[in-house]
Amino acid sequence: MKDFDNIPALMADIGQRAKAAAKILASAAPDAKTAALLAAADAVDAASDDIIAANAKDMEFGRDKGLSDAMMDRLMLDAGRVQGMVDGLRSVASQDDPVGDVMEEWAQPTGLNIKRVRTPLGVIGVIYESRPNVAADAAALCLKAGNAVILRGGSEGFHSSTAILEAIQSGLRSAGLPQDAVQLVPTRDRAAVREML
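Each value, and the rule that gives it
- Residues numbered from 1 in each chain as written.
- Predicted model: local features only at pLDDT ≥ 70, side-chain atom pairs only at ≥ 80, totals over all residues.
- Heavy atoms only, no water.
- Salt bridge = Lys/Arg side-chain N within 4 Å of Asp/Glu carboxyl O.
- Helix = DSSP H or I, 4+ residues; strand = E, 2+ residues; numbered from the N terminus.
- Buried < 20%, exposed > 50% of the residue type's maximum accessible area, 1.4 Å probe, protein only.
- Pairing = 2+ DSSP bridges.
- Axes fitted to C-alpha atoms, helices over the stretch in contact; angles between N-to-C directions.
- Lys, Arg positive; Asp, Glu negative; His and termini not counted.
- Contact = heavy atoms within 4.5 Å.
- Phe/Tyr/Trp six-rings, centres within 6.5 Å; stacked < 30°, edge-to-face > 60°.
- Lys NZ or Arg CZ within 6 Å of the ring centre and 35° of its normal.
- Polar contact = N/O pair within 3.5 Å; in protein donor to acceptor, adjacent residues only side chain to side chain.

1. Some thoughts on the pattern of salt bridges
Two side chains bearing opposite charge may form a pair once their charged atoms approach each other closely. The final tally for this structure, using the stated rule, is eight salt bridges. We note a salt bridge from Asp 42 to Arg 90, for which the minimum N-O separation is 2.7 Å. You can see Asp 42 sitting in helix H2 (residues 30-46) and its partner Arg 90 sitting in helix H5 (residues 79-94), a full 48 residues away along the chain. With relative accessibility at 44%, the residue Asp 42 sits in the partly exposed group. Residue classification places Arg 90 among the partly exposed residues on the basis of a relative accessible area of 31%. With a shortest N-O distance of 3.1 Å, Asp 101 and Arg 118 are connected by a salt bridge. With Asp 101 in the loop between H5 and strand S1 (102-107) and Arg 118 in the loop between strand S2 (113-117) and strand S3 (123-127), the pair connects residues that are 17 residues apart, well separated along the chain. What emerges from the salt-bridge pattern is a single network uniting Asp 13, Arg 17 and Asp 180.

Shown next as structure tokens:
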């Protein structure tokens, strides 16, 4: 893991890249987002052994940190939990695309027709603790809704989240979408969380 001397500059760069990716995602075709999610699911599945090996480092870190048994259980990834991430990515991929969905429509007496339409927010920041599988869940939901996401997992799940991120970014690249649409804060330094907020 790298040490970053200038956390504000690091976070500003991540934010700028996410913002640029969000502009592309906002108008991405539903088929492209579905393809990215399905490719990400395949990549997570193919990287299962690597993700579990990365998680072993996190489990060691958690034990050294003195995490409770409940926290260690949340942190642990095995073949079943990795399969759960794969299934989750595929499940979100199979859902209808929400972007452009008309939620409500009405006409004014003046003849003006008004619609309330679902649109992407842009960039979403997700801070989560000991469950590294949240990286896949959050990425899937944000991508489907046309949003970029910056993930900041707990320090104890750093290696697992990084391995999951690599698989998800592989799916984005294979579908022709920007890999910066899903980014992970690449440091355990808590100053990065202050910059996100």
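2. Comments concerning the sheet that holds S3
Overall, parallel pairing links the three strands, which are arranged S3-S4-S5 in an open sheet. Unpaired on one side and paired on the other, S3 and strand S5 (182-184) mark the two borders of the sheet. The sheet shows a mean angle of 20° between the axes of neighbouring strands, taken without regard to direction.

3. Looking at the side chain of Arg 152
Locating Arg 152 in the fold gives a position in strand S4 (residues 148-152). Among buried charged residues, Arg 152 stands out as having no salt bridge; its nearest opposite-charge side chain is Glu 129, 5.9 Å away. With sequence-adjacent residues up to four places away left out, Arg 152 is seen in contact with Val 126, Ile 127, Tyr 128, Val 185, Thr 187, Arg 188, Asp 189, Arg 190, Val 193 and Met 196.

4. Concerning the packing of aromatic side chains
Per the counting criterion, the structure on display carries zero aromatic pairs. Geometry around Phe 61 places Arg 188 over its ring, the cationic atom sitting 4.1 Å from the centre.

5. Side note on the side chain of Glu 156
Of note, Glu 156 is situated in the loop between S4 and helix H7 (158-174). Taking relative accessible area as the criterion, Glu 156 reaches 2% and is therefore assigned buried. A polar contact of 3.2 Å, which involves the side chain of Glu 156, links it to the side chain of Lys 65. Within polar-contact distance, the side chain of Glu 156 engages the side chain of Ser 130 at 2.9 Å. Not counting residues within four places of it along the chain, the set of residues in contact with Glu 156 comprises Asp 58, Phe 61, Lys 65, Leu 67, Leu 75, Glu 129 and Ser 130.

6. Some thoughts on the pairing of S3
Where S3 lies against S4, five bridges are found, and the strand directions are parallel. Residue pairing across strands places Gly 125 opposite Ile 150, the latter belonging to S4.

7. Concerning the pairing of S2
Sheet topology places S1 next to S2; five bridges connect them, and they run antiparallel. The residue of S2 that forms the bridge with Glu 105 is Lys 115. Linking S1 back to S2 in an antiparallel pair, the connection comprises five residues, with Gly 111 at a positive phi of about 95°.

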